[in-house]
Number of protein chains: 2
Amino acid sequence: MAEFPKPKSMVDQIYISLSNAITSGALEPGCRLVEQELQKDFGVSRAPIREAIRLLEADGLVVVDAYKKKHVRNLTREDLVDNIPVLASLESLAARLAAARITKKQIDELDGINREIQQAFSEGNFAKCAELNFAFHRVFLQVADNKALHRAVRSIVKSTLWLWLASQYYKNSATIPSSIEEHEQILQAFRRKDVHLVESMVREHIENVLERFLKQSKFDTEGIYLFGGTKGQPRLASPEN
Amino acid sequence: MAEFPKPKSMVDQIYISLSNAITSGALEPGCRLVEQELQKDFGVSRAPIREAIRLLEADGLVVVDAYKKKHVRNLTREDLVDNIPVLASLESLAARLAAARITKKQIDELDGINREIQQAFSEGNFAKCAELNFAFHRVFLQVADNKALHRAVRSIVKSTLWLWLASQYYKNSATIPSSIEEHEQILQAFRRKDVHLVESMVREHIENVLERFLKQSKFDTEGIYLFGGTKGQPRLASPEN
DNA sequence: CCTTGACTGGTTGTCGACAATCAACATATA
DNA sequence: TATATGTTGATTGTCGACAACCAGTCAAGG
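Rules of the game
- Residues numbered from 1 in each chain as written.
- Chains lettered and ligands numbered in written order.
- Predicted model: local features only at pLDDT ≥ 70, side-chain atom pairs only at ≥ 80, totals over all residues.
- Heavy atoms only, no water.
- Near = heavy atom within 4 Å.
- Polar contact = N/O pair within 3.5 Å; in protein donor to acceptor, adjacent residues only side chain to side chain.
- Helix = DSSP H or I, 4+ residues; strand = E, 2+ residues; numbered from the N terminus.
- Contact = heavy atoms within 4.5 Å.
- Pairing = 2+ DSSP bridges.
- Salt bridge = Lys/Arg side-chain N within 4 Å of Asp/Glu carboxyl O.
- Buried < 20%, exposed > 50% of the residue type's maximum accessible area, 1.4 Å probe, protein only.
- Least-squares fit on C-alpha atoms with pLDDT ≥ 70 in both.
- Buried area = accessible area lost by both parts, 1.4 Å probe.
- Phe/Tyr/Trp six-rings, centres within 6.5 Å; stacked < 30°, edge-to-face > 60°.

**Considering the protein's contact with DNA strand D**
Lining the immediate environment of DNA strand D, one finds 16 residues, of which Met10(A), Ser45(A), Tyr67(A), Arg46(B) and Arg50(B) sit closest. Of what DNA strand D places within 4 Å of the protein, 72% of the atoms are sugar or phosphate. With respect to DNA strand D, the backbone of Leu33(B) contributes an N or O atom lying 3.2 Å from a phosphate oxygen. One of the backbone N or O atoms of Glu35(B) is found 3.1 Å from a phosphate oxygen in DNA strand D.

Spelled out as structure tokens, the structure:
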């Protein structure tokens, strides 16, 4: 029997669309989410849209102001700084758990991804680098095989680091070689099955990556991260798919 | 000007009520959440109830089965096991951050709470012990002063460890003295400002606490945690407040 | 000039009703 | 009897409409 992709509910689809629109920067931080407009954009009634927005709110991607208007969340420098040690802790835990059970094949897979990053970098394809970077970290999250951990990491990445993804594309290319080098060292530690070394290296790697990013980021006077485009005006989420 | 408690929205109130009902065990794991019934219980229409349930779903307190019916989540032994290292990592991070900035006054506050736990234990008031235990850990989460961390811990505690709270009340009393002792040692490490020691002690403490609990917990043949009452039948959340 | 109150347009909150789906039972057909 | 096909009741998904609320404007009154 052929496998069909299970049809997703209206709410899920809207949630995913909006989620992508926010994390990709198509909907800029601070811009409003008006139910009536989204209703027209998606061609559905307000109920499923409200539910989708509530989910985004729970994720921290959307905030509600004093007068209950919904906005795409603005991230401050402090938000980013706060997230650094948390993500570093979680990823290093993932590394520790993964180190105890990783197979040769999986190490080779990591190695392959790292080579692909190098390749993409030499071709100037920085977007692909960012993508592969996420893939690299996803692998040992999977190897760690801990649902609670997976969930926690995803929550952090989703709620706060989406702007990292969005900016990586066009400006952080200078930091990529360091990442590749650190990945290589982590791989060697995995090969040696040195659990403690892996753990501390991943912690440092994550801290390095985020701090490098932090240095290169621009914040306005209120400490709010700025995207490239004009601010404040709501832009549509193109209902892809 | 006197400070008024800001009135909460319908959805928030329903969310809190249901959340409490689940974490307290009033709504047992596996039991269904039927919108029509809740509609009657709360005396509102289905829209806000649906949104509240969606939030519970995002929290992991409610799951949707293959036929879209909503159930209070059943926790397996694996869920608990997965959460142990994650919470241990996060709390030890909190301890590390807190150790760097904790004041004498705050250490005394922790000391006071620990004494209160001891007092409550000697009076046989185990529910109060559980409550104070949470308070103890809340303090250094606050001292750590990291929103991302706070959020991550809260998410873990809320999504999975609610049953710990629910069971602590009536059976885990034997583990309390060990907790008190470990708290005491952590306090001494704080006083010495020994960051590394605090960090490792808190990690071990959390692992100990959860593992002690795990040993004393009962799971049925499918690994599903059992509460005291009858199973399967939905019970009402008393709309407190 | 300042305050107050009424009106307006825009937005979110809530509701009742209908459509779609599914489990369970009943019925028909071989 | 065994399988296939309606039918029913329960439950969730979606919708359009109305109520509540707020910012902004404007006019009346002091």
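**Some thoughts on the protein's contact with DNA strand C**
Within the structure, DNA strand C sits among 16 residues, and Arg46(A), Arg50(A), Met10(B), Ser45(B) and Tyr67(B) are positioned closest to it. Interatomic distance of 3.0 Å between a backbone N/O atom of Glu35(A) and a phosphate oxygen of DNA strand C. At 2.6 Å from a phosphate oxygen of DNA strand C is found a main-chain nitrogen or oxygen belonging to Ser45(B). Counting residues per element, the ones that place at least two in the surface near DNA strand C are β1 (32–33) and α3 (46–59) of chain A together with α3 (46–59) of chain B.

**Overview of the side chain of His183(A)**
If you trace the backbone, His183(A) turns up in helix α9 (residues 176–191). When near neighbours in sequence (up to four residues on either side) are disregarded, His183(A) contacts Asn114(A), Ile117(A), Asn133(A), Phe136(A), His137(A) and His205(A).

**Remarks on the sheet that holds strand β2 (residues 62–64) of chain A**
Pairing is antiparallel in the open sheet, where 3 strands are placed in the order β1-β3-β2 (chain A). The open sheet has two free edges, formed respectively by β1 and β2 of chain A, since each of these has just one partner strand.

**Topic: the pattern of salt bridges**
Scanning all chains against the criterion turns up 26 salt bridges over all chains. Arg73(B) is the salt-bridge partner of Asp79(B), the closest N and O atoms lying 3.3 Å from each other. Given the relative accessible area of 16%, Arg73(B) is considered buried. In this structure, the salt-bridge partner of Arg115(B) is Asp111(B), at a minimum N-O distance of 3.0 Å. Here Asp111(B) and Arg115(B) lie together in helix α5 (residues 104–122), a separation of 4 residues that amounts to about one turn. Each of Glu35(A), Arg46(A), Arg50(A), Arg54(A), Glu57(A) and Glu51(B) takes part in a single network of salt bridges with overlapping partners.

**Section: the relation of the copies chain A and chain B**
Taken as rigid bodies, chain A and chain B are interconverted by a rotation of 180 degrees and an axial shift of 0.0 Å, the fit giving an RMSD of 0.1 Å. Here the transformation between the copies is reduced to the relation of a two-fold axis. When each C-alpha of chain A is compared by its distance to the rotation axis, Glu51(A) comes out closest, at 2.8 Å. The residues that chain A uses at the interface reappear at the interface of chain B in 100% of cases, marking a shared surface.

**Quick notes on the interface of chain A and chain B**
One widely used convention gives an interface's size as the accessible area the parts lose upon coming together. Each partner contributes to the interface: chain A provides 28 residues, whereas chain B provides 28 residues. Between chain A and chain B the total buried area reaches about 2,400 Å² when both faces are included, carbon and sulfur atoms providing 49% of it. Broken down residue by residue, the surface that chain A buries against chain B is led by Glu51(A), Arg54(A) and Arg151(A), which jointly contribute 24%. Our count for the chain A to chain B interface comes out at 6 salt bridges. Two residues, Arg54(A) and Glu51(B), come together in a salt bridge whose shortest N-O distance is 2.1 Å. The tally of links between chain A and chain B comes to 12 residue pairs in polar contact (both at pLDDT 80 or more). For the side of chain A that touches chain B, the elements supplying multiple residues, two or more each, are α3, α4 (77–99), α7 (147–160) and α10 (195–216) of chain A. Among the elements that take part in the side of chain A that touches chain B, α4(A) stands out by supplying 9 residues, more than any other.

**Some points on the packing of aromatic side chains**
With the rule as written, the count across this model stands at 6 aromatic pairs over all chains. Aromatic pair Phe121(A) and Phe126(A): ring centres 5.9 Å apart, planes at 40 degrees, arrangement tilted. What makes Phe126(A) partly exposed here is its relative accessible area of 22%. Taken together, a centroid distance of 6.1 Å and an interplanar angle of 50 degrees make the contact between Phe140(B) and Phe190(B) tilted. Here the residue Phe140(B) occupies a position in helix α6 (residues 126–144), and Phe190(B) occupies one in helix α9 (residues 176–191), the gap between them amounting to 50 residues. As far as burial versus exposure is concerned, Phe140(B) and Phe190(B) are alike and both buried. Taken together, the ring pairs in this structure connect Phe136(A), Phe140(A) and Phe190(A) into an aromatic cluster.

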